[in-house]
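# Fold and contact review
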Amino acid sequence: MSCATESHAYVIFGATGNLATVKLLPALYQLHCLGYLAADVKILGCGRTPHQRDDWRDQVRKMLASGTNAGSCLEGFFQRLDYLAGSLEDAAFYQALGTWIGTGECARNVIFYLSVSPELYVRVTMGLAQAGLLAERNGWRRMVVEKPFGHDLQSARDLQHELKAHLSEEQIYRIDHYVGKESVQNLLVLRFANMILEPLWNRHYIDHVQITHAETVGVDGRASYYDRHGGAARDMIQSHLLQVLALLAMEPPVSLEAESLRDEKVKVLRSIRPVDVSQLASHAVRAQYAGYQMEAGIAPGSHTETYAALKLYVDNWRWRDVPFYLRTGKSLKERRSMVAVRFREPPMQLFQGTGAAIVHPNWLLIGIQPDDVVQMEISAKVPGAETRTRQIVMDASVGNPGERKADAYEELLLDVIEGNRALFLRYDEVKAAWSIVDPVMRAWADDEHPPLQYPVGSLGPKAANQIFDQADQEWRQTLGCNGKADGKS
Ligand code: BG6
């Protein structure tokens, strides 16, 4: 029997939505151009908009042509695109999808990508299951589930329960695009492909760690969704920043194989000391940018935070009592994500009594975006007869000029095709992450005081400093800058 069908297909639910348009289709397009997609791979967009295939192709064409990545491979890419209109509530839609996918020996391997509102995740899964489209009779079926996986611990449990009724854990790909960023994956390489860090990577040498994700944009375009389902702790800390923390703090995995990596990450997340909500002000800060309440789609008097800072401790042998400070915010002064590791001071201030009364601690700074850099701040002698010191920066850009940085989604979408789940979250990771932020979110929800306010374009609320344990700890606002600080008091 000959099957005029494809070896696998990407089915995108919510194909006309923002994520599909801005991230998924451009990523698939890049994979196509770079030759990663087999000749017979098809991409099916599913949406409510009653497009014909050619309308959708035109729409995608316009979108890609307006991007910087438009190239000569456009035509070949369009041949891969197909469109199926319908309501995700409607059983007939799943029948039509089944016909498109094919049956029996001609069934394809299929990736279903849930790029729809989280409220629809269960509905779509059930629709697919009832139409028999999740069963792996001939070929595999994989489901990519976008974050948020639930909106708190209980809803994550409920969602998991529903998904597990129809899918095995091996079929579920819980995506956290932050982990797909090259600069985030570089954390693993920095830690485990070098020997110089590991001996210092513990409570004996590290004073504290800061993880920052700052954005200049507000919530435009998704205000009402963010107001109802977001908040900085839920939107960024529970997922992206805790993943960064886990990669920074975990023990060396046995291998880079998915279960080894995820075993280590989950161990770190489970070791995090529960936040003491009776002392919340010294552990967590929430704030809202001025003007948030005036934006269309925001509920009057909303307490949703657009900025959150959180102090966490990893209670294990390596990290006991080393604070990890996490912060994230929208409408801030600068777009910058980075990790800043401050080392302890030398056991003796040998230079006391000289011109260099203060010797600053060392910092390791890892830029995540926009600068993909690794810097080490160390003290050095200022040339001259006097003994004075200043901080100098050993500064290295990770990429070489002309090297192309892949978008996070490119790598992750390819991993799904290849069945590599290492960068996707296992359910126990998600659950552990919710257990960390849930008590904080609940305490905030019970607090009748409105969040603090910070001006648009600022560094965030001043009160974010109140979570530091020591008077000499403060937020790093920038990457290193050579010769900036003179060690002379
Ligand atoms: C998303 C959040 O997951 O990550 C957004 O929902 C946030 O609110 C975004 O802006 C940040 O990721 P990136 O890759 O755009 O920096």
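What you see is a predicted model, and the numbers here were worked out from it, not measured in a lab. (Residues numbered from 1 in each chain as written. Predicted model: local features only at pLDDT ≥ 70, side-chain atom pairs only at ≥ 80, totals over all residues. Heavy atoms only, no water.)

## What about unusual backbone geometry?
- With an omega dihedral of 5°, the bond running from Lys147 to Pro148 counts as a cis peptide bond.
- Structurally, Pro148 is set in the loop between β5 (141-145) and α6 (153-164).
- Of note, the amide linkage connecting Gln369 to Pro370 takes the cis form, showing an omega dihedral of 0°.
- Counting through the fold element by element, Pro370 comes out in the loop between β12 (363-369) and β13 (373-381).
- We note that Asp321 has phi near 70°; this positive angle belongs to a residue other than glycine.
- Relative to the helices and strands, Asp321 resides in the loop between β9 (307-313) and β10 (323-329).
- The phi dihedral of Ser331 falls on the positive side, at around 55°, and the residue is not glycine.
- Looking at where Ser331 falls in the secondary structure, it is placed in the loop between β10 and β11 (336-343).
- Accessibility expressed as a relative area gives 5% for Ser331, which makes it buried. (Helix = DSSP H or I, 4+ residues; strand = E, 2+ residues; numbered from the N terminus. Buried < 20%, exposed > 50% of the residue type's maximum accessible area, 1.4 Å probe, protein only.)

## Some remarks on the UniProt feature "binding site: NADP(+)" (unreviewed entry) in the chain
- Feature annotation in UniProt places "binding site: NADP(+)" (unreviewed entry) on Arg48 and Lys147, given in this structure's numbering. Within this annotated set, the largest cavity is lined by Lys147.
- Within the element layout of this structure, Arg48 appears in the loop between β2 (42-47) and α2 (53-66).
- With a relative accessible area of 74%, Arg48 lands in the exposed category.
- The residues contacting Arg48, other than those within four sequence positions of it, are Tyr83 and Gly86. (UniProt positions renumbered as here; feature names shortened; annotations may be inferred. 1 Å grid on protein atoms, 1.4 Å probe; cavity = no way out; pocket = protein on both sides within 12 Å on 5 of 7 lines; lining within 4 Å. Contact = heavy atoms within 4.5 Å.)

## Focus: the site of the ligand
- Around the ligand, a shell composed of Lys147, His177, Lys181, His213, Glu215, Arg222, Asp235, Met236, His240, Lys330 and Gln369 is seen.
- Within the contact set of the ligand, an oxygen atom lies 2.7 Å away from a side-chain nitrogen or oxygen of Glu215.
- Lys330 is positioned with one of its side-chain polar atoms (N or O) 2.8 Å from an oxygen atom of the ligand.
- Here the shell around the ligand takes three residues from helix α9 (residues 232-249), the largest share from any one element. (Near = heavy atom within 4 Å. Polar contact = N/O pair within 3.5 Å; in protein donor to acceptor, adjacent residues only side chain to side chain.)

## Let's talk about α6
- Along its 12 residues, α6 runs 16 Å from first to last C-alpha, staying within 8% of the 16 Å computed at 1.5 Å per residue.
- Of all the residues in α6, the buried ones are Leu153, Ser155, Ala156, Leu159, Gln160 and Leu163. The arc enclosing the buried residues of α6, seen along the axis, measures out at 160°, which places them on a common side.
- Looking at the buried positions of α6, the neighbouring elements they touch are α5 (121-130), β5, β6 (172-174) and α12 (427-446). (Expected span 1.5 Å × (residues − 1). Arc of directions from axis to C-beta.)

## Regarding the side chain of Gln473
- Note on placement: Gln473 falls in the segment after β15 (452-454).
- A residue is classified by how much of its surface remains accessible, and Gln473, at 6% relative accessible area, is buried.
- There is a polar contact of 2.6 Å between the side chain of Gln473 and the side chain of Tyr325.
- A distance of 3.2 Å separates a polar atom in the side chain of Gln473 from the backbone nitrogen of Asp469.

## Comments concerning the state of the cysteines
- Under the criterion given, the structure shown has one disulfide.
- Here Cys33 pairs with Cys73 through a disulfide, and the sulfurs are 2.2 Å apart. Negative torsions about the S-S bond denote left-handed disulfides, and the value of about 105° found for Cys33 with Cys73 makes this one right-handed. A residue pair is termed long-range when its members are at least 10 positions apart, and Cys33 in helix α1 (residues 18-33) and Cys73 in the loop between α2 and α3 (74-78) qualify at 40 residues. (Disulfide = S-S within 2.5 Å.)

## A word on the UniProt feature "active site" (unreviewed entry) in the chain
- The sites that carry the UniProt feature "active site" (unreviewed entry) are, in the present numbering, His240.
- In this fold, His240 is placed in helix α9.
- What His240 contacts, discounting residues up to four positions off in sequence, is Lys147, Asp176, His177, Tyr178 and Asp235.

## Some remarks on empty space enclosed by the protein
- This model, assessed by the stated rule, comprises two cavities of 30 Å³ or more.
- In this structure, the largest cavity encloses a volume near 140 Å³.
- Lining the largest cavity we find 17 residues, and of these Phe149, Gln238, Ser239, Leu425 and Val430 sit closest to its centre.
- Element by element, the count of residues in the lining of the largest cavity is highest for α9, at four residues.
- For the second largest cavity, the full set of lining residues is Glu215, Tyr226, Ala232, Asp235, Met236, Thr306, Thr328, Gly329 and Lys330.
- Tallying contributions element by element places α9 first for the lining of the second largest cavity, with three residues.
- Each residue belonging to the lining of the second largest cavity can be placed in one class, and the counts come to three nonpolar, three polar and three charged. (Points joined across faces, edges and corners; volume = space filled by probe spheres on them. Nonpolar A, V, L, I, M, F, W, Y, C, P; charged D, E, K, R; others polar.)

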